[in-house]
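Below are the chains, spelled out letter by letter.
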Amino acid sequence: MCIPSYNAARTISETIQSVLDSTYADLEIIVNDDASTDETPVVVAACCDADARVRLYRNESNVGPARNWNRALKRATGEFVGLLNHDDLYGPFWLARAVHVLDKHPHIGWVMSAYRVIDGAGRSDHVTVRFPQTGEVSRSEAFRRVALLDGLGVGYIARRAVLEQVGYYDADAGPSADNDLFLRLAVRYPLYYTTFPHVAWRQYAGNLTRRWGLVEQVADCLRILRQAFDDEALPEELRAHERSCYTYYYQKVLDRARERLEQGDLDTVRQVILLLHTDGYRGWEKVVEKVDHVL
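Cut-offs applied
- Residues numbered from 1 in each chain as written.
- Predicted model: local features only at pLDDT ≥ 70, side-chain atom pairs only at ≥ 80, totals over all residues.
- Heavy atoms only, no water.
- Helix = DSSP H or I, 4+ residues; strand = E, 2+ residues; numbered from the N terminus.
- Expected span 1.5 Å × (residues − 1).
- Buried < 20%, exposed > 50% of the residue type's maximum accessible area, 1.4 Å probe, protein only.
- Contact = heavy atoms within 4.5 Å.
- Axes fitted to C-alpha atoms, helices over the stretch in contact; angles between N-to-C directions.
- Parallel < 35°, antiparallel > 145°, perpendicular 65-115°, else oblique.
- Left-handed = near helix turned anticlockwise from the far one by under 90°.
- Nonpolar A, V, L, I, M, F, W, Y, C, P; charged D, E, K, R; others polar.

Quick look at helix H8 (residues 214–229) now. At 3.6 residues per turn, the α-helix brings residues three or four places apart onto the same side. Counted at 1.5 Å a residue, the expected span for H8 with its 16 residues is 22 Å, and the 22 Å between its end C-alpha atoms agrees. Residues of H8 that are buried: Leu-214, Val-215, Gln-217, Val-218, Asp-220, Cys-221, Leu-222, Ile-224, Leu-225, Ala-228 and Phe-229. Packed against the buried residues of H8 are helix H5 (139–147), helix H7 (177–188), helix H9 (236–239), helix H10 (242–262) and helix H11 (266–279).

All right, on to unusual backbone geometry then. Within the chain, Leu-149 stands out as a residue other than glycine whose phi angle is a positive 60 degrees. Locating Leu-149 in the fold gives a position in the loop between H5 and strand S9 (157–159). With a relative accessible area of 6%, Leu-149 lands in the buried category. Within the chain, Tyr-168 stands out as a residue other than glycine whose phi angle is a positive 55 degrees. With respect to the helices and strands, the residue Tyr-168 is situated in the loop between helix H6 (160–166) and H7.

This brings us to the packing of H10 against H11. Here H10 crosses H11 at 160 degrees, and the two axes come no closer than 8 Å. Regarding the angle of H10 to H11, the classification is roughly antiparallel. Here the hand of the crossing between H10 and H11 comes out left-handed. Counted together, Tyr-246, Tyr-250, Val-253, Leu-254, Ala-257, Arg-260 and Leu-261 of H10 and Leu-266, Thr-268, Val-269, Val-272, Ile-273, Leu-276 and Asp-279 of H11 form the full contact between these two elements. Residues that form the contact of H10 with H11 fall into these classes: 11 nonpolar, 1 polar and 2 charged.

Rendered as structure tokens:
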């Protein structure tokens, strides 16, 4: 189990403990710290002293999220590996369920769960479910769902060999690096999904995704969609989702741009619209009309 960390002294002890509390005990916890400037190493060191399954590694300098995630994953030695953000949580049965599924279904490459959204204090707000039922999700449906760029969830578990095959995270990716990885996983392997929320995503001011502005997020998402759908090797059954996914994402961007417009943030709106123009609209006429309306 991999927990990449950066300035996570306030939450990482709880995150580590949520993994240690798993009913599945045959595990390792690798914390790869990205040169934190707070007390994160001290907190993690105390966890290491308390349980030998926890190991701490530190980068000499800050390498950024995606590279740090890869460093953590590449230190894993088990057959199955997962990545949990330093402020998110596992439920006690998640690892056991994931390992059972992967053992029983060799063709499944990765597993994910619905997730609880919690605040900074750990209070539950709501549950997010991305698929209608528990069970195997085809490559086509998993790819389509990820390509909507709504965020599939946190706390995935995958076969280590599968992550090696797809090339881990794109080290140069920005806020949507997880979507990029999930798209590459979905191209090759079906997903197993459970609608029971075995994991929790902490949503608060310190979230990593909130460190990036809207312009950066849109630019990164458009890059990922182009990369996925411009791949000549992409199977036709997956390419068939291109129009619907782009249309959905453009509408979402325009809705967010409209919110910024109402807030008087004209500079952000101009930059976002410029990104859509630069992207060429991918030929979606209705989206062009809506962009012109916003302008």
